[in-house]
Amino acid sequence: MNREERETVRALLRAHGRTYAEEAGIRLRDTPQPLYQLLVLATLLSARIRASVAVAAARALFAAGLRDPRRMAEATWQQRVDALGEGGYRRYDERTATQLGDGAELVRERYGGDLRRMRGAADGDRDRLREELRQVPGIGPAGADIFLREAQGVWPDLRPCLDAKALQGAGRLGLPTEPGALARLVKGEETAAFAAALVRAALDKSVAEEVRGQG
């Protein structure tokens, strides 16, 4: 890592080094409830809607008590719609309310409400885990990438998980766009926050301009 890269990475982490899970109020740990909440957040972030709106909608769902698969599944469709609306998630609220209900049922039936069982079923194969995630209603390729990118904070065997969007942000910042080289710029435990910060740079050109100005 040269001096310019080091300064860029430090400036990026200082200004934007928080995961989307943190932003949504999820205290991510390797336990069932926060992992499920991350899955909900990944579902919301998958839609063509601003990340800030998806994060606000996740907070609203959790504030309404829909923090685990049982409560999400047992809530009425209207309760889910109302909570999404509270968070400003209106364009896709009806479809997403259905997906969240169906997804909660699948997680309960297939994994007993515990996504660690999904990880166990994948047996360390990231591609297989991605395919398992894509069986959940509302989780497509982008949603699976989002979940894995954030989950690497508590599932170290996923590291480095730097998807196409993170690599796009790296390119915008003048950083390496090869995952291995990019991952070497930070400590392992920083990778999830680093990935989220790179995604913010990809989504918002001003983030890259701000960071490069500080570097």
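These numbers were taken from a predicted model, which means no experiment stands behind them.

### Looking at the overall build of the protein
- Assigned secondary structure in the protein consists of 14 helices and zero strands.
- Secondary structure elements of the protein occur, N-terminal to C-terminal, as α-α-α-α-α-α-α-α-α-α-α-α-α-α.
- For 215 residues, the compact-globule estimate of 2.2 N^0.38 gives 17 Å, and the C-alpha radius of gyration of the protein, at 17 Å, lies within 12% of that figure.
- Seen through its C-alpha atoms, the protein measures out along the principal axes to roughly 55 × 40 × 25 Å.

### Looking at the pattern of salt bridges
- This structure, assessed with the given rule, holds 13 salt bridges.
- For Asp30, the salt bridge identified is with Arg119, shortest N-O distance 3.9 Å. Taken as a pair, Asp30 in the loop between helix H2 (20-23) and helix H3 (32-46) and Arg119 in helix H8 (residues 115-122) lie far apart in primary sequence, 89 residues in all.
- For Arg119, a relative accessible area of 24% puts it in the partly exposed group.
- Residues participating in the shared-partner salt-bridge network are Arg18, Glu23 and Arg200.

### Examining the environment of Arg14
- In this fold, Arg14 is placed in helix H1 (residues 3-16).
- Distance from Arg14 to Ala197, taken between C-alpha atoms, is 9.6 Å for residues 183 residues apart in sequence.

### Notes on the side chain of Gln152
- Within the fold, Gln152 resides in the loop between helix H10 (141-151) and helix H11 (164-172).
- We classify Gln152 as buried; its relative accessible area is 0%.
- Only 2.9 Å separates the side chain of Gln152 from the backbone oxygen of Arg149, close enough to count as a polar contact.
- Non-local contacts of Gln152, meaning those with residues more than four positions away in its chain, are made with Leu158, Arg159, Pro160, Cys161, Thr191, Ala192 and Ala195.

### Re the environment of Tyr89
- With respect to the helices and strands, Tyr89 occurs in the loop between helix H6 (77-86) and helix H7 (93-111).
- For the pair Tyr89 and Ala60, spaced 29 residues apart in the sequence, the C-alpha separation amounts to 9.8 Å.
- Discounting chain neighbours no more than four positions away, the residues touching Tyr89 are Thr43, Leu44, Ala47, Ile49, Val53, Ala54, Ala57, Leu84 and Thr96.
- A distance of 2.9 Å separates a polar side-chain atom of Tyr89 from the backbone oxygen of Leu44.

### Some thoughts on unusual backbone geometry
- Going from Arg159 to Pro160, the amide bond is cis rather than trans, its omega being -10°.
- Position of Pro160 among the secondary structure elements: in the loop between H10 and H11.
- At Asp123, a position not held by glycine, the phi torsion is positive, near 55°.
- Locating Asp123 in the fold gives a position in the loop between H8 and helix H9 (126-133).

### Focus: the confidence of the model for the protein
- This prediction gives the protein a mean pLDDT of 94; 99% of its residues lie at or above 70.
- Confidence scores differ between elements of the protein, with helix H14 (residues 205-214) showing the lowest mean pLDDT of 82 and helix H5 (residues 69-74) the highest of 98.

### Describing the nonpolar core
- If you look at the biggest cluster of nonpolar residues, it comprises 75 residues, and the most contacted ones within it are Leu61, Phe147 and Leu198.
- Per-element tally for this core: the top contributor is H3, with nine residues.
- When sequence neighbours within four positions are dropped, the list of residues in contact with Phe147 reads Leu35, Leu38, Leu39, Ala42, Leu115, Leu133 and Trp155.

Calculation criteria
- Residues numbered from 1 in each chain as written.
- Predicted model: local features only at pLDDT ≥ 70, side-chain atom pairs only at ≥ 80, totals over all residues.
- Heavy atoms only, no water.
- Helix = DSSP H or I, 4+ residues; strand = E, 2+ residues; numbered from the N terminus.
- Rg over C-alpha atoms; globule rule 2.2 N^0.38 Å.
- Salt bridge = Lys/Arg side-chain N within 4 Å of Asp/Glu carboxyl O.
- Buried < 20%, exposed > 50% of the residue type's maximum accessible area, 1.4 Å probe, protein only.
- Polar contact = N/O pair within 3.5 Å; in protein donor to acceptor, adjacent residues only side chain to side chain.
- Contact = heavy atoms within 4.5 Å.
- pLDDT = per-residue confidence, 0-100.
- Core = buried A, V, L, I, M, F, W, Y, C linked by side-chain atoms within 4.5 Å.

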